[in-house]
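Residue-level structural notes
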Amino acid sequence: MSLDKLANIIFPNITKTPQDYMAQYPPRDNPNMITRYAPSPTGFQHIGGVFAALVAQRLAAQSEGVFYLRIEDTDQKREVEGAIDDTIATMHKYGMDFDEGMTGDSTSKGDYGPYRQSERKEIYQAFAKDLIQKGLAYPCFATADELSELREQQTAQKLTPGYYGEFAKYKNLPVEQAIAKIEAGEPYIIRLNSPGDGTTRIEFNDLIKGEISFPENNQDVVLIKGDGLPTYHFAHVVDDALMHTTHVTRGEEWLSSLPIHVQLFQVLDIKRPQYAHIPTIMKLDGSSKRKLSKRKDVESAVTYYDEEGYPIICVIEYLLNIINSTYEQWREQNPTADCTEFQVALDKMSKSGALFDIVKLNDVSKDIISKMPAEQVYELYMEWAKQYDQQMHDLVETKSDGIKTFFGIDKDTAKPRKDFAKWADVKPKIVYLFDEFFDNEQELELPKGVSIETARDIISQYKQIYDHNLTSQEQWFEHLKQFALQIGYCANKKEYKNNPDKYKGMVSDVAGAVRCALTHRVNTPDLFIIMQILGEVTVKHRLEIF
Ligand code: GLU
């Protein structure tokens, strides 16, 4: 009776019970996987968030379940305006749409809402009130000073720090005294009255980590904070129960608080979903692995991939590669299949750490871009350039046919060229096609073994016989070869090796000099096509000024 009184003094306006909410949110008709993405609206889209969301979304989609968005905004100091819209837009861009949940800052869809924790205050309080009535939760009046004193005392005695057992000063405070304190206006929070003594071990099957075991929780963790909002521990347990999540997929940083969560489900006497703790995204720093850091690593921000111009599909496929290393082999066997046809399997996920490796991302990306038709490469590049490199966008537009031709060089071969991993790679590979850059370009690469004097000597003669009307690569090369032979270069490698003194060099040196005069580069795709793109006037001009 007095516990009821205490509960009513703490939550006078809460009239509903957990049973009422259970009835309001009955089990779903959908028997498949119900997963969620549950970010805090801090406004920073971390690639780890996309990674975690992708796991949850794939599981739901491949089982025809439900994937929903829940906003965990109980720490209101950290909230950033517009973050929900930003999250939704980012996920959409990465191919993930929510079946249910928040659809904007203040809108949502679905029958299991509200989907924003700050709007669920009364629900959490109803569950907390019920626990108080049962003696499973209590108001705690410990001040910050008291708590730090306790911590010091425990540390000095080499004891586990925290609010538990004999150290939980307000655990057994007589109800009448608690009521008196509340009536006197003393601030308080609500803590769990943990039934654990810390000795029993709990066996747990995590869908990624496998069988794990840990000591039962004995900490009287905070359930409701001073502002009346719940902690993450309490909120997610209540939410995942009422929203009927079947699989909680979340970062492994939560693994250490799993004992608390397991106990909360027991104490609340509600069904626990299955858990899959996703390995943290790591990166190699020198020879050691460390967490991808928001502060140190530009690639931790999702915006990085936009700015660099990675096609979204490349990032998605790369993330699928990290989720399941079998993805690569699947892709080889199913070169044209949509990546969503790949079945993500939690038990095939790395248990230890997902290594994020830009070099590997670049490989995956180059591969995908190399298989895109030239027209698509052009369009995606222009879309990116319009936003991130207006100058290139406008220049490329003036030569659109030529650039499409360039993007198409060697496309339809067994080994298509892999020039670009991202759109920021395009400019350095095509600048020489534009006089605007070529005229100002300082750097000039010379073929190995050919001096600038020799190259100039070759070009001074070549420009006199250059014929822009040759219609194929073969014709052009034959013409160049005849010229090279006439001016004393050798067409046969063996012959040249045996009699190096008889020749000025190899035909390839002559081709290299022409390439250098026209592009200032030693490596370019097919020079004949480049000359067609440049056009007769430009080719002749460049030969002239070399
Ligand atoms: N809001 C939590 C986070 O951002 C979500 C953890 C979970 O998915 O349960 O880390």
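What counts and what doesn't
- Going along each chain's sequence as written, the residues are numbered from 1 onward.
- Only residues with pLDDT of at least 70 get local features here, since the model is predicted, and only at 80 or more are side-chain atom pairs given and counted; chain-wide, interface and lining totals rely on the full set of residues.
- Side-chain numbers here rest on the full set of heavy atoms in the structure, without hydrogens or water.
- Residues enter a nonpolar core if they are buried and are Ala, Val, Leu, Ile, Met, Phe, Trp, Tyr or Cys, with the set joined through side-chain atoms within 4.5 Å.
- Partly exposed describes any residue whose relative accessible area lies between the buried limit of under 20% and the exposed limit of over 50%, with all areas from a 1.4 Å probe on protein chains only and scaled to the type maximum.
- Only runs of H or I of at least four residues qualify as helices and only runs of E of at least two qualify as strands under DSSP, and these elements are numbered from the N terminus.
- The criterion used for residue contact is that any of the two residues' heavy atoms lie within 4.5 Å.
- A residue counts toward a patch only above 30% relative accessible area and without a salt bridge, and it is joined to like-charged neighbours within 9 Å or, for Val, Leu, Ile, Met, Phe, Trp and Tyr, to nonpolar neighbours within 5 Å.
- Shrake-Rupley sampling with a 1.4 Å probe provides the accessible areas, and residues are treated as covered by the protein chains on show and by no other component.
- In the sections that follow, a salt bridge refers to a side-chain nitrogen of Lys or Arg positioned within 4 Å of a carboxyl oxygen of Asp or Glu.
- Positive charges are assigned to Lys and Arg, negative charges to Asp and Glu, while His and the chain termini are left out of the count.
- Think of each charge as sitting on NZ of Lys, CZ of Arg, CG of Asp or CD of Glu.
- Here, any two strands with at least 2 DSSP bridges between them count as paired.
- Interaxial angle, 0 to 180 degrees, is taken between N-to-C directions of lines fitted to C-alpha atoms, where a helix line uses only the stretch in contact.
- One heavy atom within 4 Å of a molecule or strand is enough for the residue carrying it to be called near that molecule or strand.
- For this analysis, a polar contact is any N or O atom pair within 3.5 Å, provided that within protein one partner can donate a hydrogen and the other can accept it, and provided that sequence-adjacent residues contribute only side-chain to side-chain pairs.
- Residues were grouped as follows: Ala, Val, Leu, Ile, Met, Phe, Trp, Tyr, Cys and Pro as nonpolar; Asp, Glu, Lys and Arg as charged; and all remaining residues, including Gly, as polar.

As for the nonpolar core
Of all hydrophobic cores here, the largest spans 168 residues; its most connected members are Phe234, Tyr381, Phe406, Phe407 and Leu433. It is helix H3 (residues 47–62) that provides the largest number of residues to this core, a total of 10 residues. Contact partners of Leu433, with chain neighbours within four places excluded, come to Lys399, Ile403, Phe406, Ile530, Ile533, Leu534 and Arg542.

Brief notes about a negative patch on the surface
There is a patch of like negative charges on the surface, built from Glu81, Asp85, Asp86 and Asp105. When you line up the elements, Asp86 lands in helix H4 (residues 83–93).

A word on the pattern of salt bridges
Taken as a whole and assessed by the stated rule, the structure comprises 30 salt bridges. Where Lys181 meets Glu186, a salt bridge forms, and the shortest distance between an N and an O atom there is 3.3 Å. On the accessibility criterion, Glu186 (32% relative accessible area) is partly exposed. Across the salt bridge formed by Asp419 and Arg417, the nearest N and O atoms sit 2.9 Å from each other. According to the relative accessible area criterion, Arg417 is partly exposed, its value standing at 30%. Where salt bridges share partners, they join Arg36, Arg70, Glu72, Arg120, Asp239 and Asp240 into one cluster.

Thoughts on the sheet that holds strand S13 (residues 288–291)
Here three strands make up an open sheet; going across it, the order is S13-S12-S14 and the pairing mixed. Because the sheet does not close on itself, it has two edges, and the strands there are S13 and strand S14 (354–355). Judged from the two bridges that link them, strand S12 (residues 281–285) and S14 form a sheet pairing that is parallel. Along S14, the bridge assignment pairs Ile281 with Ala354.

Overview of the sheet that holds strand S5 (residues 137–140)
In spatial order, the strands read S5-S6-S9; together these three strands make up an open sheet with antiparallel pairing. The sheet terminates laterally at S5 and strand S9 (222–224), the two strands that pair on one side only. Taken pair by pair, the neighbouring strands of this sheet meet at an average axis angle of 45 degrees, ignoring direction. Looking at chain direction, strand S6 (residues 189–192) and S9 are connected through two bridges and run antiparallel. Each bridged residue has a counterpart across the sheet, and for Ile190 the counterpart in S9 is Ile224.

Focus on the site of the ligand
Surrounding the ligand, one finds Arg36, Ala38, Ser40, Glu72, Tyr232, Arg250 and Trp254. Ala38 is positioned with one of its backbone polar atoms (N or O) 2.8 Å from a nitrogen atom of the ligand. One of the side-chain nitrogen or oxygen atoms of Glu72 is found 2.6 Å away from a nitrogen atom of the ligand. Relative to its unbound accessible surface of 300 Å², the ligand loses 80% to contact with the protein. The residue makeup of the shell around the ligand, split by class, is three nonpolar, one polar and three charged.

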